[in-house]
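Descriptive analysis of the structure
Next come the chains, spelled out residue by residue.
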Amino acid sequence: MHVLFTLMFTLASLFIFVVAVLVIGVFAVTIFKGIAQWSSNNAQPVLTVPALVVTKRQHVSGSGHDSSTSTWYYVTFETVTDDLRQEFSVRSVDYSGLAEGDTGDLTYQGTRYKGFIRVRRPAAAPPPPPVLPVSNWTCGYCAASVPHNSPQCPACGSSQRAAALATTGTASAA
Ligand SMILES: [Zn+2]
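Residues numbered from 1 in each chain as written. Predicted model: local features only at pLDDT ≥ 70, side-chain atom pairs only at ≥ 80, totals over all residues. Heavy atoms only, no water.

This brings us to the overall build of the protein chain. What the protein chain contains, in helices and strands, is three helices and seven strands. Starting at the N terminus and walking to the C terminus, you meet the elements of the protein chain as α-β-β-β-α-β-β-β-β-α. Put simply, the protein chain has 174 residues, and 20% of those count as buried. Considering only contacts in the protein chain between residues 6 or more positions apart, those separated by 24 or more positions represent 38%. As presented, the protein chain carries roughly 13,100 Å² of accessible surface, and 66% of it is formed by carbon and sulfur atoms. (Helix = DSSP H or I, 4+ residues; strand = E, 2+ residues; numbered from the N terminus. Buried < 20%, exposed > 50% of the residue type's maximum accessible area, 1.4 Å probe, protein only. Contact = heavy atoms within 4.5 Å. Areas by Shrake-Rupley, 256 points an atom, 1.4 Å probe, with all protein chains shown as cover.)

Below is the structure:
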């Protein structure tokens, strides 16, 4: 009886030990990964690029039955210059301040979100006014074709244009 008792006690102790090692191991790996990512981000340059908010999502971890849940917020940005998409983990205050379709300047360092300043980008620029074809004008005195940029007829020196002369002629005839 005493031997069986000792055996059970040993097995129970072993089980608890193995579980404890696993839990500590998972913790250690998680912390190590976090530190590795943190230090890798620190080595990256801080960049500010024009970007667009593509999509938002939140992830709730933990059971929903008690209050020990935590919510993680993610926002996916698309850079305007090279169409690169990247999802960043953001704080809830940043999450609520961003809307899908927002345009602005995104500042980030590696996988670390640093901020987003909303800039209302103008819509496509209006098309330039059509360039009217410039035509030569006809001299009202000698009917020569005069270059559009010349104020006087090079042949007779008149600045009277044919159309203007016609109008004046009609007015005087009436
Ligand atoms: Zn002329």
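To continue, consider the nonpolar core. With 14 residues, the main nonpolar core has Phe77, Leu106, Tyr113 and Phe116 as its most contacted residues. When contributions to this core are tallied by element, the ones reaching two or more residues are β1 (46-61), β2 (70-79), β3 (85-90), β4 (103-109) and β5 (112-118). In contact with Phe116, not counting residues within four places along its chain, are Ala51, Val53, Phe77, Leu98, Asp102, Thr103, Gly104, Asp105 and Leu106. (Core = buried A, V, L, I, M, F, W, Y, C linked by side-chain atoms within 4.5 Å.)

Taken together, the side chains of Leu4, Leu7, Met8, Leu11, Leu14, Phe17, Val18, Val21 and Leu22 define a hydrophobic patch exposed on the protein surface, amounting to about 930 Å² of accessible area. With respect to the helices and strands, the residue Met8 is situated in helix α1 (residues 2-42). (Patch = residues over 30% accessible without salt bridge, like charges linked within 9 Å, V, L, I, M, F, W, Y side chains within 5 Å. Salt bridge = Lys/Arg side-chain N within 4 Å of Asp/Glu carboxyl O.)

Right, let's talk about the packing of aromatic side chains for a bit. How two aromatic rings sit relative to each other is given by the distance of their centres and the angle of their planes. On inspection of all chains with the given rule, the structure shows six aromatic pairs. Between Tyr73 and Tyr95 the ring centres are 4.8 Å apart and the planes differ by 50°, which places this aromatic pair in the tilted class. Remark: Tyr95 occurs in helix α2 (residues 92-97) and Tyr73 occurs in strand β2; sequence separation between them is 22 residues. Judged by centre distance (6.4 Å) and plane angle (55°), the rings of Phe88 and Tyr113 are tilted. Of this pair, Phe88 sits in strand β3 while Tyr113 is found in strand β5, placing the two residues 25 residues apart along the sequence. Considered together, Phe88 and Tyr113 belong to a single accessibility category, that of buried residues. Taken together through their ring pairs, the aromatic side chains of Phe77, Phe88, Tyr108, Tyr113 and Phe116 make up a single cluster. The side chain of Lys56 reaches across the aromatic face of Tyr95, ending 4.3 Å from its centre. The positively charged end of Arg57 is found above the aromatic ring belonging to Tyr74, 4.3 Å away from the centroid. (Phe/Tyr/Trp six-rings, centres within 6.5 Å; stacked < 30°, edge-to-face > 60°. Lys NZ or Arg CZ within 6 Å of the ring centre and 35° of its normal.)

Next up on the list: the pattern of salt bridges. This model, assessed by the stated rule, comprises four salt bridges. As a salt-bridge pair, Arg85 and Glu78 come within 2.6 Å of each other at their nearest N and O atoms. In this structure, the salt-bridge partner of Asp102 is Arg118, at a minimum N-O distance of 3.7 Å. One end of the pair, Asp102, is in the loop between α2 and β4; the other, Arg118, is in strand β5, and 16 residues separate them in sequence.

Here we come to the coordination of the zinc ion. For the zinc ion, every protein donor is listed as Cys139 (SG), Cys142 (SG), Cys153 (SG) and Cys156 (SG), and the spread of their distances is 2.2 to 2.3 Å. Given four donor atoms and angles of 104 to 121° at the metal, the environment of the zinc ion is assigned as tetrahedral. Ordering the donors of the zinc ion by residue number gives the pattern C-x2-C-x10-C-x2-C. (Donors = N, O, S within 2.8 Å, 3.2 Å for Na, K, Ca; no water. Tetrahedral: all angles 85-135°; square planar, octahedral: opposite > 155°, others 65-115°.)

Now for the pairing of β4. With five of seven residues buried, β4 is to be regarded as a mostly interior element. In the sheet, β1 pairs with β4 via seven bridges, with the strands oriented antiparallel. Pairing of Ala51 across the sheet is with Gly104, part of β4. Summarising the sheet, β4 and β5 pair through six bridges and their orientation is antiparallel. Within β5, the position partnered with Tyr108 by the bridge is Tyr113. Between β4 and the antiparallel strand that follows it, β5, lie two residues; Gly110 among them carries a positive phi value of about 65°. (Pairing = 2+ DSSP bridges.)

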